[in-house]
Amino acid sequence: DAGVIQSPRHEVTEMGQEVTLRCKPISGHDYLFWYRQTMMRGLELLIYFNNNVPIDDSGMPEDRFSAKMPNASFSTLKIQPSEPRDSAVYFCASSLLGAGSYEQYFGPGTRLTVT
Amino acid sequence: AQSVTQLDSQVPVFEEAPVELRCNYSSSVSVYLFWYVQYPNQGLQLLLKYLSGSTLVKGINGFEAEFNKSQTSFHLRKPSVHISDTAEYFCAVSQNSGGSNYKLTFGKGTLLTVNP
């Protein structure tokens, strides 16, 4: 099992540009989560999906952020337009309801720098 | 709403010494509790969890934690640490109710540094 895969691992972009972060969850998992980690705010849940349907997006900071999950094996987090304050490490995680353990498996993260 | 407080942002210890990382939570309903570890430039990995049953839970790498409902705490302990335990440790909570079981709230993290 390859684990949760995220791409790119590092992204440097200029303010105002569109940024798309990608995630492939563990095969068979039915929950997918997007988190943001910063020094100031720690680890924050942005949005999570169950069976490809967004369940709770209350953590999405503003309309510039959007997330989609077109199928069970792929999700994107898009920022448009990007701002320097969006600089952070973005993590994707997945989980399996049927396992009953509530464990979330995290990807390695995407380090985003907006200049 | 729920919240998690990790009382120490940094904990330096010597190798083979015992360590305790403190975590307190607040919630209006019953909770599930977790400890995750993050090694440099990596994602988080589950160390242990409390869902129900025995309040003393054992996890990987020799770590254990005790759920204390009256003190709303879930402190992490290890009797003898190794250099390789150097990492950041996160306490997290989710509500034991309905559809919120998977919504984790994390503490700010405790950086454990093990010195030779």
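Check the entry above for the structure.
Because the structure is a prediction, the values reported are computed rather than measured.

(A) Structural context of the packing of aromatic side chains. If you walk through the whole model with that rule in mind, you get 16 aromatic pairs over all chains. Relative to Phe106 of chain B, the ring of Tyr35 of chain A has its centre 5.6 Å away and its plane inclined at 85°; by these criteria the two rings are edge-to-face. Note that Tyr35 of chain A is positioned in strand β4 (residues 31-38) and Phe106 of chain B in strand β11 (residues 105-106), a pairing that runs across two chains. Residue classification places Tyr35 of chain A among the buried positions, given a relative accessible area of 0%. In this structure Phe106 of chain B comes out as buried when scored by relative accessible area, which is 8%. Judged by centre distance (5.6 Å) and plane angle (75°), the ring pair of Phe106 of chain A and Tyr36 of chain B falls under edge-to-face. In this pair, Phe106 of chain A sits in strand β10 (residues 105-106) while Tyr36 of chain B sits in strand β5 (residues 31-38), so the two residues belong to two different chains.

(B) Quick peek at the interface of chain A and chain B. The partner chain B presents 19 residues to the 26 residues of chain A that form the contact. Sorting the residues of chain A by area buried against chain B places Leu43, Tyr102 and Phe106 of chain A first, and these three jointly supply 34% of that buried surface. A salt bridge links Asp56 of chain A to Lys103 of chain B; its shortest N-O distance comes to 2.6 Å. Inspection of the region where chain A meets chain B yields four residue pairs in polar contact (both at pLDDT 80 or more). For the side of chain A that touches chain B, the secondary-structure elements that each account for two or more residues are β4, β5 (42-50) and β9 (88-95) of chain A. Here the side of chain A that touches chain B is composed, by residue class, of 13 nonpolar, eight polar and five charged.

Thresholds applied
- Residues numbered from 1 in each chain as written.
- Chains lettered and ligands numbered in written order.
- Predicted model: local features only at pLDDT ≥ 70, side-chain atom pairs only at ≥ 80, totals over all residues.
- Heavy atoms only, no water.
- Phe/Tyr/Trp six-rings, centres within 6.5 Å; stacked < 30°, edge-to-face > 60°.
- Helix = DSSP H or I, 4+ residues; strand = E, 2+ residues; numbered from the N terminus.
- Buried < 20%, exposed > 50% of the residue type's maximum accessible area, 1.4 Å probe, protein only.
- Contact = heavy atoms within 4.5 Å.
- Buried area = accessible area lost by both parts, 1.4 Å probe.
- Salt bridge = Lys/Arg side-chain N within 4 Å of Asp/Glu carboxyl O.
- Polar contact = N/O pair within 3.5 Å; in protein donor to acceptor, adjacent residues only side chain to side chain.
- Nonpolar A, V, L, I, M, F, W, Y, C, P; charged D, E, K, R; others polar.

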